[in-house]
Amino acid sequence: PAGGACAEPLQVHYQPGQEYRPHFDWLSPTDARFAERTRDTGNRLLSFFIFLSGCDAGGCTAFPRLKQRFPPEAGSGLVWYNLDRDGAPDERTLHAGEPVERGEKWGLNIW
């Protein structure tokens, strides 16, 4: 991509009982394929998560190291930096999609 700009969109759908366990969006420099995966676009500087729908219960996006939880509300979203000012992975960005208890949750990730 021109100027190294890149976005990787991904639509997600959670039904009752489904979750996304704690993870980071940045690519680990210790990954054997790090150089290959970041050669053209670099690491994932920013993450966007847009809530396309809410759900009746559960389904929060949680950042345990920051002690923050965000309920899914249709039309709202989250944005955060994955890397610090020096370009190093920010460990505080550990996050998870908590289990949906009732209803369905639709979202859109953009890295």
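Everything numeric here is computed off the predicted structure, so don't read it as measured data.

(A) Just the side chain of T93, in detail. Looking at the secondary structure, you find T93 in the loop between β7 (77-81) and β8 (95-97). Residue class for T93 comes out buried when judged on its relative accessible area of 5%. Here the side chain of T93 touches W26 through a polar contact of 3.3 Å, side chain to side chain. Excluding anything up to four places from it in sequence, T93 contacts H23, F24, W26, F63, W80, Y81 and N82.

(B) Here's a closer look at the sheet that holds strand β2 (residues 20-23). Read from one edge of the open sheet, four strands run β2-β8-β5-β6, paired in antiparallel fashion. The strands lining the two open edges of the sheet, one partner per strand, are β2 and β6 (68-70). Taking the axes of each pair of neighbouring strands and ignoring which way they run, one obtains an average angle of 10 degrees across the sheet. In this structure, strand β5 (residues 61-63) lies alongside β8, joined through two bridges in antiparallel fashion. Its bridge partner lying in β8, A62 is registered against A96.

(C) Region of interest: the side chain of T38. Mapped onto the secondary structure, T38 falls in helix α1 (residues 34-38). Judged by its relative accessible area of 12%, T38 falls in the buried class. Within the structure, T38 has its side chain in polar contact with the backbone oxygen of F34 (distance 2.7 Å). The contact partners of T38, leaving out residues within four places of it in the chain, are L27 and N43.

What counts and how
- Residues numbered from 1 in each chain as written.
- Predicted model: local features only at pLDDT ≥ 70, side-chain atom pairs only at ≥ 80, totals over all residues.
- Heavy atoms only, no water.
- Helix = DSSP H or I, 4+ residues; strand = E, 2+ residues; numbered from the N terminus.
- Buried < 20%, exposed > 50% of the residue type's maximum accessible area, 1.4 Å probe, protein only.
- Polar contact = N/O pair within 3.5 Å; in protein donor to acceptor, adjacent residues only side chain to side chain.
- Contact = heavy atoms within 4.5 Å.
- Pairing = 2+ DSSP bridges.
- Axes fitted to C-alpha atoms, helices over the stretch in contact; angles between N-to-C directions.

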